[in-house]
Structure formats: structure tokens, C-alpha cells
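Chain by chain, the residues:
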Amino acid sequence: MKLHQVVLKDVVRRKKRVLYATVGVVIASMTVVGILTIALAGRARIYSQLEKYGANLSLLPATKSLDTGLGDLTLGSVTVGENYIQEDKLPQIRQITDGEIRRALKVEDAGDIATIAPQLLVQADVKSASVILAGIDPVAESKIKSWWQVAKGKYLDGPDQALVGSTAAELLNMSVGDAFEVKGQNLTVVGVLGETGSGDDYRIFVPLKAVQTAFDKQGLLSTVDIRALCNACPVEIIADAINKEIPGIRAVAVKQVAATEMGMLDKINKLMMALGGITLLVGGFGVVNTLMTSVHERIRDIGIMKAVGASRRQIIVAFIYEAILIGIIGGVLGYGAGTLLAYIIGPLIFEGSTVSFVAVYLPISIALAVVIAVVATLYPAYHATKIRIADCFRAV
Amino acid sequence: MLEIKEVSKVYGQGEGSVVALDNVSFDVDKGEYVALMGHSGSGKSTLLNIIGGLDRLSVGSIVLDGQRLDNLDESELVRIRRDKISYVFQQYHLLPSLSALENVLLPLTFRGVDRNGRAMELLEKMGLGKRATHRPSQLSGGEQQRVAIARALVNDPLLTLADEPTGNMDQKTGSEILDLFDQLNAEGRTIIMVTHNPDAAKRAHKVIVLRDGRVVDCIVN
């Protein structure tokens with residue numbers, strides 16, 4: 001018979017007591033698992049929002065005058081007037097962007113990597129109202145704005161076509177099939193966009209060439225949106241390189257804007273971890289307390305073990321075995337409870353986030369719970385070895 | 001084999017101190033069966049605990065088999081409890097979560113040896129072969145005490161100490177337990193037994209009577 005078998009039999013006999021002792025450990029690991037799971041869900045939510053923002057990089061002429069935005073983010077201003085990005089800079093922009101991504105991800109792919117979507121914004125009178133006409137590369141634009149949905153009609157697939165934002169269609173009373181004229185150029189509405197909740201709702205989208213021709217702005221662009229293919233892409237480095245190498249262009253990394261949100265998440269994480277730390281401490285004290293009580297309850301058994309030849313080390317080891325068991329049970333229960341907690345609280349903190357089981361947190365939870373239980377056991381165990389055998393029996 | 005020289009034990013300090021043993025001296029030879037008698041509070045259990053290394057003396061010395069026990073540190077006392085001295089208690093003191101056999105095996109567990117055969121053999125000798133898997137709560141008082149005696153013998157000690165082993169039993173069961181001790185003594189085992197039982201005292205070779213912590217009589221049967 002081995003010592004761990006003696007401990008196991010004793011734990012089975014006192015199972016209710018042992019479960020009671022695990023409560024503190026469960027609370028501690030539950031808090032930590034809950035915090036980690038919620039934080040992960042929050043991070044995923046922010047990443048998915050980043051995806052939704054579309055562009056990872058926005059290139060603007062260096063001069064500002066008119067506010068514009070993408071999604072809910074304000075991206076600075078563009079000048080709809082004298083200052084433009086030269087269209088002939090696009091190959092250079094692509095070269096820099098793809099080059100940096102290749103370097104960062106160590107890929108050799110010779111093809112185009114990033115999606116580059118140029119836009120020319122002009123103010124135009126349509127049906128005697130002033131609207132912003134956006135000349136776009138239809139293919140690139142649809143890749144960048146993956147959330148766009150054509151509510152009526154179809155997407156742009158030829159010249160002289162127009163795609164109207166939902167609010168613009170309503171205000172100008174436009175529907176699919178309507179024709180209108182801008183600066184002598186005849187355009188036909190082929191589709192109406194679903195509501196996006198952004199500035200796009202107020203705009204009319206037309207193939208880039210049509211706008212450039214009608215407004216005599218050949219080779220000119222107002223903005224260029226760039227979407228790298230991954231969240232890990234070095235957008236800040238790309239922005240720096242473009243800013244340095246192409247004069248007259250200001251590159252803004254959307255991630256820099258999102259970084260504020262990430263920074264906030266990090267702060268929340270730190271706060272929650274601090275709370276988790278306090279909970280760990282309280283949980284630890286709870287375990288020490290329960291185990292101290294347990295020592296007193298088992299003072300006779302400890303006396304018996306010592307009387308028949310147990311050394312101090314063996315008594316401490318017996319307590320540590322029990323702590324490991326408490327830790328394993330507490331870690332598993334804490335993982336389950338923490339994940340449940342994240343399911344309930346996660347969506348309240350990060351609206352729309354999806355909380356999921358994170359399997360890797362199970363061993364973390366168990367390891368943490370075992371460490372707490374073992375540390376909390378050491379003092380009661382040491383205390384137990386100090387009791388004289390005669391006193392163990394006298395107390396009974 | 002065992003020399004107890006001028007042993008005193010004082011609990012507490014100053015005016016509130018209590019003298020439990022006062023200058024106690026006697027010897028026990030190998031194979032001898034000694035009964036310690038006296039009223040409650042006479043110091044007999046304290047003396048037994050000090051001999052067994054379960055408690056410390058204040059003054060004096062105890063020598064077992066040529067080795068002084070009173071100045072040993074805790075780890076050396078552990079070795080003595082494992083190899084040389086075993087204990088039988090009035091309350092049996094079995095671990096409730098273990099079976100009879102496992103309780104007998106417990107001293108071997110702490111020594112790091114596995115000798116199921118020896119433990120089973122002792123249980124059979126105690127007439128408990130068929131009760132080996134029973135928990136203490138499933139055994140009678142007499143049976144529990146036999147398990148405790150088997151446990152005390154499993155390490156083959158030099159000296160067995162028994163603290164009122166029949167104190168919790170009716171006369172018949174107590175007598176059966178005393179028969180067992182007689183048998184063990186006849187096999188050459190050295191026994192010191194604290195008892196109130198005059199029958200037990202009659203069976204011993206020597207009866208040491210304590211009063212207020214002092215030896216007041218030594219009767220050789």
C-alpha cells in the first residue's frame with residue numbers, strides 16, 4: 001500500500017468535506033478562466049470589426065478640406081478640389097504594399113496580394129440636388145467593402161452604370177432603370193445598395209473612368225483604400241514606407257485607429273486580471289482556512305500516522321497529495337464555471353461577441369488550481385507536523 | 001533492555017505548572033511483561049507516552065537497547081517508532097477510511113516496504129482472517145483492538161506499549177485480549193501495559209504502582 005492510496009481512501013471517505021475545500025479553488029480558477037475567455041472573445045470581436053472597416057490602410061492627398069469616413073471611423077479629410085493622388089502612383093503603391101507584406105510573411109508569391117481600391121470623389125448636381133459621386137474600381141471596391149449588399153438590381157458590371165446608396169436613392173427618388181445625366185454623361189441606375197450605416201448611404205457609385213471623364217479629372221484620385229490580406233500584415237510599416245517614398249500622399253493605417261480600441265481592451269484586461277488576482281488571494285485564504293479546519297478535524301488521524309511511523313515529510317506529502325486532488329477537481333469545475341460565466345457576462349461587456357470554449361484554458365485552469373491548493377496547503381501541513389502525538393490524542 | 005532513570009515531567013511553567021511525573025526510575029528486561037497501575041492522573045499514561053517518544057520528558061533519561069531516547073530529534077524518534085517501539089491504544093486508533101488489512105499495513109507503508117503476507121498472517125493469528133477487508137466501523141471493539149495489536153506487531157518491534165487496551169471492553173472480550181498479550185509475551189515479546197484491570201496486573205511479571213507521579217510500589221508476581 002502506497003501513501004497516495006491512503007490519502008485517496010481518506011479523501012473518498014471525506015468527499016463532502018473535500019468538495020467544500022475545493023470551493024475556494026473553484027472560485028479562483030473560475031474568475032481567471034472567465035476573464036481570459038471574455039478577453040479572447042473581445043479581441044475576436046475587435047478583429048472582426050477591423051475586418052468590417054474594410055481597408056487596413058487609407059491613402060489620402062496630403063491636404064485636407066472635406067471630412068470623410070469609413071464605417072464608424074473618421075479617417076481624416078479629403079480635398080475635393082485642387083489636391084489629388086495621381087493615378088499613375090498606383091503601381092508604386094502596389095509595389096510597396098505587396099513588397100512589405102511579402103517581407104513580413106516571408107512569401108515568394110509574385111501575384112498581387114493586397115486589394116487596392118482607388119476612389120475619385122466629386123460633388124455633382126443630380127436631379128438638382130448636390131450629391132457626392134464616387135468613381136470606383138467596382139471589383140476592388142466590392143472586395144474591400146465585403147459588407148455591401150445590393151438591395152435592388154445588380155452590382156456595377158459595365159460602363160455608364162450607377163449604384164446608388166440607400167439614402168441617396170430615397171432622397172433623389174431613384175430606382176433601378178432610372179437614367180440621369182452628370183456633366184453631359186448619361187448614367188443608368190443598375191442597383192441600389194442596402195443600408196450600410198455609413199457615408200456610403202448618401203453616395204452614388206460610378207465606374208472610375210466615367211467620373212474622371214465627365215469631370216475632366218483623368219489620372220486623378222481622391223483616396224486609395226488598401227486591404228492587406230491578414231490581421232498580422234504590417235500596415236504601419238507599409239504606411240510609413242508610402243509616406244516616405246511617395247510625396248503628396250498621407251497614408252493612415254486603420255489599425256492605428258483600432259489600436260485605441262485594442263489599448264482599451266488591454267486596460268480592461270489588466271483591470272480584470274487585477275480583480276482575478278484579488279480573487280485568487282481570497283480563494284487562497286479560503287483554502288488555507290478550510291484546510292486548517294481539516295487539520296483539526298483529522299488531528300487524531302495525523303497522530304495515528306505519526307505514532308505508527310510517519311515522518312513529518314510524509315505527513316506534508318500526504319497533505320500535498322490531497323491538495324493536488326483538490327486542485328484537479330477545482331480546476332476542472334473552475335474551467336466549466338468560468339466558461340459559463342464568460343457566456344453570461346461576455347456579451348454584456350463586448351456587445352455582439354461570441355464566447356466559445358477555449359480548450360487550452362482547461363490545463364491552465366487545472367495547473368493554476370493545483371498551485372493555489374498546494375501553496376495554501378503548505379502552512380496547515382507544516383502546522384500538522386508540529387503537533388505532538390500525545391496532544392493529537394488528548395484533543396480528541 | 002529498558003532503563004528509566006529519574007524521569008520527571010512538568011506541564012506548564014511557574015505557579016500554574018503541574019508535575020505529572022516525579023523522579024521515576026525502573027528497569028524492564030527483555031521478554032518482561034510489566035503492568036503500570038495507578039489512579040487516574042497518577043502519571044502512568046504520561047510515562048508510557050514518554051517511553052514511546054509520543055511526548056518529551058522534562059528531566060531524566062530513558063535508554064532502550066543501549067540507545068538514549070530522551071535526547072533524540074524528531075527524525076531519529078521516527079526511526080525508533082518505526083523499528084523498535086509499537087503502541088496499542090485504549091481507543092484502538094485505527095484509520096476509519098482503511099480496511100483492517102490496510103490498517104495493519106500502515107506502519108509498513110511509512111517504512112516504504114510492502115509485505116501484505118506478513119500483515120495477513122498477523123490478522124489470521126488474531127482470528128481476523130475473514131475480516132481483513134472490513135472497515136473499523138464494521139468491526140466490534142474487541143476486533144478493532146486485535147487489528148491494532150496486529151498493527152503493533154507488523155514491524156516486529158523490541159518493545160510493545162499498551163495504554164489500557166482493555167479499558168473499553170466487557171470482561172470477556174478484555175480477557176481474550178489479555179490472553180493475546182500473554183501469548184505474545186510467551187513468544188518473547190517485551191510488553192509494558194498501563195491498566196486498571198487487576199486481572200491484567202496478575203498476568204504481568206512485574207506491577208509498578210504510581211501515585212501522583214511517583215512510583216509507590218513495585219510488585220513482582
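Quick note: structure is the one above.
Here's what I pulled together on the structure shown here.

Thresholds applied
Residues numbered from 1 in each chain as written. Chains lettered and ligands numbered in written order. Predicted model: local features only at pLDDT ≥ 70, side-chain atom pairs only at ≥ 80, totals over all residues. Heavy atoms only, no water. Helix = DSSP H or I, 4+ residues; strand = E, 2+ residues; numbered from the N terminus. Buried < 20%, exposed > 50% of the residue type's maximum accessible area, 1.4 Å probe, protein only. Pairing = 2+ DSSP bridges. Right-handed = clockwise from strand over helix to strand, strands pointing away. Contact = heavy atoms within 4.5 Å. Buried area = accessible area lost by both parts, 1.4 Å probe. Salt bridge = Lys/Arg side-chain N within 4 Å of Asp/Glu carboxyl O. Polar contact = N/O pair within 3.5 Å; in protein donor to acceptor, adjacent residues only side chain to side chain. Axes fitted to C-alpha atoms, helices over the stretch in contact; angles between N-to-C directions.

Quick notes on unusual backbone geometry
All names here are of chain B.
- In this structure, Asn23 is a non-glycine residue whose phi angle is positive, near 55°.
- Mapped onto the elements, Asn23 comes out in strand E2 (residues 18-28).
- For Asn23, a relative accessible area of 48% corresponds to the partly exposed category.
- Even without being glycine, His93 reaches a positive phi, approximately 50°.
- Locating His93 in the fold gives a position in the loop between strand E6 (85-88) and helix H3 (100-111).

As for the pairing of strand E7 (residues 159-163) of chain B
Residues and elements named next belong to chain B.
- Most of E7 is tucked away, with 5 of its 5 residues classed as buried.
- Every second residue of E7 is oriented toward a common face, with Leu159, Leu161 and Asp163 on one face and Thr160 and Ala162 on the other, all of them buried.
- Where E6 lies against E7, 4 bridges are found, and the strand directions are parallel. Following the sheet pairing, Tyr87 is matched in E7 by Leu161.
- Traced from E7 through helix H6 (residues 171-186) to strand E8 (residues 190-194), the parallel crossover comes out right-handed.

Brief notes about the interface of chain A and chain B
- With 24 residues of chain A in contact, the opposing surface of chain B contributes 25 residues.
- Summed over both partners, the interface of chain A with chain B buries about 2400 Å², with 62% contributed by carbon and sulfur atoms.
- Together, Met1, Val308 and Arg388 of chain A form the three largest contributors to the area buried by chain A at its contact with chain B, with a combined 27%.
- Our count for the contact surface shared by chain A and chain B stands at 2 salt bridges.
- The shortest N-O distance in the salt bridge between Glu102 of chain B and Lys9 of chain A comes to 2.8 Å.
- Connecting chain A to chain B are 9 residue pairs in polar contact (both at pLDDT 80 or more).

Digging into the environment of Leu325 of chain A
Residues and elements named next belong to chain A.
- In this structure, Leu325 sits in helix H10 (residues 312-349).
- Residue classification places Leu325 among the partly exposed positions, given a relative accessible area of 25%.
- Sequence spacing of Leu325 and Ala369 is 44 residues, and the spatial spacing of their C-alpha atoms is 9.8 Å.
- Excluding residues within four positions of it along the chain, Leu325 makes contact with Leu8 and Val11.

Comments concerning the sheet that holds strand E5 (residues 67-68) of chain B
All names here are of chain B.
- Judged by pairing direction, the sheet is antiparallel, and its 4 strands sit side by side in the order E2-E1-E4-E5 without closing on themselves. Edge positions in the sheet fall to E2 and E5, since each has one partner strand and no second.
- In terms of strand pairing, strand E1 (residues 2-11) meets strand E4 (residues 59-64) through 5 bridges, oriented antiparallel. Among the inter-strand pairings, Ile4 is bridged to a residue of E4, identified as Ile62.
- Across the face of the sheet, helix H1 (residues 44-51) comes into contact with E1, E2 and E4 while running at roughly 60° to E2.

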